[in-house]
Amino acid sequence: MNLLALSAFLMSFHAFTLGKPVQGIQENNGPGETYLHQDDIVYRRRTQRSAMNCNQSCFWPRSEDGLVNIPVNISTEFSVEQTAVIAEAMQEFVTLTCIQFISRTTEHDYINIFPGDRCWSYFGKIGGRQNLGLAKFGCIYKGLIQHELNHALGFLHEQARGDRDKYVKINWEYVTAGEQGNFEKVNSNNLGLPYDYGSVMHYGPYDFSNAAGKPTIVPTPNASVLIGQRVGLSNLDVKKINMLYSCNCCSTVLRNPRGNFSSNNYPHSYPPNVTCLWLVKIPNVKVFLKFLVFDLQPSPNCASDYIRIYDGNSRNARLLIDKFCGVGQLPAVVSSGSTMLVEFVSDEDTAAKGFTASYTYVICGGTFTNTSGAVTSPNFPRKYPPDQDCLWIISAPPGRRISLRMDSFDLEYTAECNYDRLVLRDGSQNHSPRVGTFCGKMEVPAFNSTGSFLRVEFYTDLAFQYSGFKLDYSIILPS
């Protein structure tokens, strides 16, 4: 499901009534408030209103190591696939903040995620078993799960901010009768952070509308700004969590189709003793990342300052680059999916200016890091599809080289190789030295790289498809 389809689904999903009892809340949590507020929040006390102003008792406690460990039990009534989606949603908190969702053993205070008849959560920490309901068919989406977990951390909806009228207009005439309470404001402490149209906590434009196509919320002054996404945590969602819980974290979420980022203080020396993370998320495509400037303090095996790049949204994902440092050949990588995590670590001694990187997306490609393998055209050995623009990076450990040998090669032929073509470059950048451009049944000579990266580009037009190519590689020691 793409972003637009998911947004449309989520807009239609908000069809429940404020102030109605919710089945399973009182039975599972004992005496107390049993009514939903703003569609999916249960207050322990009716006097609770602001995620930013509640006292410390509504926050989960920090440990001496600075982490906020929150025990979680996930009901076995969820399928394996549903449990995996819930775990993935929690993983972004674990990666980017000091919130650490851990498996509950005997802890008294914990979150119990169970199949409810809708999506809902208690507000903040209430003590004991704290239920969080997720309908098995309708709520098992990463952003929806993160939305409810954020309520459990002590956050209300973004459009409930006290200053929201500066940023959105509520069309009260289109709000369904009896649902006006969903749009109430609170006297919030906004942590000095900007209003976040892209928050996973923001309502969508048509939530609780009484007429098809009539929005209840309109961003101002630009009505075309997207609101109500449930794809995942926004950059400001992460910043709010880290500020509210005083996390010692340096994390950034990058969701635009392309952009740039740099180490702190660039182009001046980066600070000592930092660990910073950038999570790039571009739905439905693959992430291509390259470094424009790279200047990190060198050390044996990059034990001091280094960059690591992961093929996913956590440090548990496959490594695309492991501990890269120094000044030299600039790395570039392509993710296998729609997310990539970049980690930067410095020690107490810094004397380098850091890095700046850019990212964009590709439809076809990937990064190869095994000691040997094969790069093949899409569908090989069957005919490759038309209109392809593929990019693969072969990455060797520092000090190693890459040996290439063409196993099979059959592309459309033209004298200039300006239609279907294979381009090999000695490096990972688009300006790296070109080994050659090949098409038809040309002989592609064996080649050894001069550095630790090789770039393979493959382009096809709309006419004439052939069986493509298979390119074998191996990681070798320099001769």
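Structural data are supplied above this passage.
Notes on the structure in this doc start here. (Residues numbered from 1 in each chain as written. Predicted model: local features only at pLDDT ≥ 70, side-chain atom pairs only at ≥ 80, totals over all residues. Heavy atoms only, no water.)

1. Description of the side chain of S251
Phase 1 of the analysis: Considering the arrangement of structural elements, one finds S251 in strand β9 (residues 250-254).
Phase 2 of the analysis: There is a polar contact of 2.7 Å between the side chain of S251 and the backbone oxygen of L96.
Phase 3 of the analysis: Excluding residues that lie within four positions of it along the chain, S251 makes contacts with L96, N235, V238, K239, N242 and L277. (Helix = DSSP H or I, 4+ residues; strand = E, 2+ residues; numbered from the N terminus. Polar contact = N/O pair within 3.5 Å; in protein donor to acceptor, adjacent residues only side chain to side chain. Contact = heavy atoms within 4.5 Å.)

2. Focus: the sheet that holds strand β19 (residues 372-376)
Phase 1 of the analysis: Taken in spatial order, the four strands of this open sheet run β19-β26-β21-β24, and their pairing is antiparallel. The outermost strands of the open sheet, each flanked by one partner alone, are β19 and β24 (447-448).
Phase 2 of the analysis: As defined by bridge partners, strand β21 (residues 401-410) adjoins β24 across two bridges and the pair is classed as antiparallel. Within the sheet, the bridge partner assigned to S403 lies in β24 and is N448. (Pairing = 2+ DSSP bridges.)

3. Structural notes on the environment of T216
Phase 1 of the analysis: Counting through the fold element by element, T216 comes out in the loop between β7 (168-170) and β8 (217-219).
Phase 2 of the analysis: What makes T216 buried here is its relative accessible area of 0%.
Phase 3 of the analysis: Separated by 47 residues in the primary sequence, T216 and K169 place their C-alpha atoms 8.1 Å from one another.
Phase 4 of the analysis: Side-chain polar atoms of T216 contact the backbone oxygen of D207, separated by 2.7 Å. (Buried < 20%, exposed > 50% of the residue type's maximum accessible area, 1.4 Å probe, protein only.)

4. Notes on unusual backbone geometry
Phase 1 of the analysis: The peptide bond linking T220 to P221 adopts the cis configuration, its omega dihedral lying at 0 degrees.
Phase 2 of the analysis: By secondary structure assignment, the location of P221 is in the loop between β8 and α5 (235-244).
Phase 3 of the analysis: Following Y266, the chain continues into P267 via a peptide bond in cis, with omega recorded as 10 degrees.
Phase 4 of the analysis: On the secondary structure map, P267 appears in the loop between β10 (259-262) and β11 (275-281).
Phase 5 of the analysis: For N379, which is not glycine, the phi dihedral falls at a positive 75 degrees.
Phase 6 of the analysis: Tracing the chain through its elements places N379 in the loop between β19 and β20 (389-395).
Phase 7 of the analysis: With a relative accessible area of 39%, N379 lands in the partly exposed category.

5. Notes on the state of the cysteines
Phase 1 of the analysis: Inspection of the entire model under this criterion finds six disulfides.
Phase 2 of the analysis: Left unpaired, C249 is separated from the closest cysteine sulfur, that of C247, by 4.8 Å. (Disulfide = S-S within 2.5 Å.)

6. With respect to the packing of helix α3 (residues 80-96) against helix α4 (residues 142-153)
Phase 1 of the analysis: Taken N-terminus to C-terminus, the directions of α3 and α4 make an angle of 55 degrees; their axes are 9 Å apart at the nearest point. Taken together, the axes of α3 and α4 lie oblique to each other. Of the two possible hands of crossing, α3 and α4 adopt the one that is right-handed. Counting all contacts with α3, which are made through V85, I86, E88, A89, M90, E92 and F93, the residues of α4 involved are K142, I145, Q146, L149, N150 and L153. (Axes fitted to C-alpha atoms, helices over the stretch in contact; angles between N-to-C directions. Parallel < 35°, antiparallel > 145°, perpendicular 65-115°, else oblique. Left-handed = near helix turned anticlockwise from the far one by under 90°.)

7. Describing the pairing of strand β25 (residues 453-459)
Phase 1 of the analysis: In terms of burial, β25 is a largely internal element, seven of the seven residues being buried.
Phase 2 of the analysis: With burial as the criterion, each face of β25 is covered, one bearing F453, R455, E457 and Y459 and the other bearing L454, V456 and F458.
Phase 3 of the analysis: Where β20 meets β25, seven bridges bridge the pair, whose relative direction is antiparallel. The partner of S395 across the bridge, within β25, is F453.
Phase 4 of the analysis: Relative to β25, strand β22 (residues 421-425) runs antiparallel, the two being bridged by five bridges. Across the sheet, the residue bridging to R421 is Y459, located in β25.

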